[in-house]
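Summary of structural features
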Amino acid sequence: RTVELDYEQVLASDPGDLEATLKKADALTSIGEFEAAFTTILDRFEQHIGERDTLRNHLLELFKVAGPDQPSVTAARARLTNLLY
């Protein structure tokens, strides 16, 4: 998903829509900035209820990329749980 991304542009952006949010999260994940990637998705998740399924599924994919031992995965899972309930 990141092969043809303009990293400079995507990373500098303030994503205004769902697609831009997902691209930025992918770009951040691909450079190892897991916490920032998760925050990007979770911030939108909190504000856009109608997009929650897509955002949650994407976030779960990024958790797999980061791996279960990544400390930021644990924190992001906790935040996701709090936002769901």
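Scroll up to find the structure this text is about.
The notes below deal with the structure included here. (Residues numbered from 1 in each chain as written. Predicted model: local features only at pLDDT ≥ 70, side-chain atom pairs only at ≥ 80, totals over all residues. Heavy atoms only, no water.)

Quick word on the overall build of the protein chain
Of regular secondary structure, the protein chain possesses five helices and zero strands. Going residue by residue from the N terminus, the α and β elements of the protein chain occur as α-α-α-α-α. Here the C-alpha radius of gyration of the protein chain, 12 Å, is about what a compact globule of 85 residues would show, namely 12 Å. Principal axes of the C-alpha set define a box for the protein chain whose edges measure 35 × 30 × 15 Å. Buried positions account for 39% of the 85 residues belonging to the protein chain. Once local pairs closer than 6 in sequence are excluded, the contacts in the protein chain between residues at least 24 apart make up 52%. Accessible surface computed for the protein chain: about 5300 Å², of which carbon and sulfur atoms make up 48%. (Helix = DSSP H or I, 4+ residues; strand = E, 2+ residues; numbered from the N terminus. Rg over C-alpha atoms; globule rule 2.2 N^0.38 Å. Buried < 20%, exposed > 50% of the residue type's maximum accessible area, 1.4 Å probe, protein only. Contact = heavy atoms within 4.5 Å. Areas by Shrake-Rupley, 256 points an atom, 1.4 Å probe, with all protein chains shown as cover.)

A word on the environment of Asp17
Along the chain, Asp17 turns up in the loop between helix H1 (7-12) and helix H2 (18-30). Among the residues examined, Asp17 registers a relative accessible area of 39% and is labelled partly exposed. Sequence spacing of Asp17 and His48 is 31 residues, and the spatial spacing of their C-alpha atoms is 9.9 Å. Within polar-contact distance, the side chain of Asp17 engages the backbone nitrogen of Glu19 at 3.3 Å. A polar atom in the side chain of Asp17 sits 2.7 Å from the backbone nitrogen of Ala20. (Polar contact = N/O pair within 3.5 Å; in protein donor to acceptor, adjacent residues only side chain to side chain.)

So, helix H5 (residues 71-84)
Between its first and last C-alpha atoms H5 spans 20 Å; for 14 residues at 1.5 Å apiece the expected length is 20 Å, and the two agree. Listing the buried residues of H5 in full gives Ser72, Val73, Ala76, Leu80 and Leu83. Along the axis of H5, the buried positions cluster into a sector of 100 degrees, meaning they face one direction only. Residues of H5 that are exposed and point over 90 degrees away from its buried face: Pro71, Thr74, Ala75 and Asn82. On its buried side, H5 packs onto helix H3 (34-47) and helix H4 (52-66). (Expected span 1.5 Å × (residues − 1). Arc of directions from axis to C-beta.)

Some details on the nonpolar core
Residues Phe38, Ile41, Leu42, Leu59 and Phe63 are the most contacted members of the largest nonpolar core, which totals 18 residues. At the level of elements, H2, H3, H4 and H5 are the ones that each hand at least two residues to this core. Here this core takes six residues from H3, the largest share from any one element. Dropping the residues within four chain positions of it, Phe63 is found in contact with Phe38, Val73, Ala76 and Arg77. (Core = buried A, V, L, I, M, F, W, Y, C linked by side-chain atoms within 4.5 Å.)

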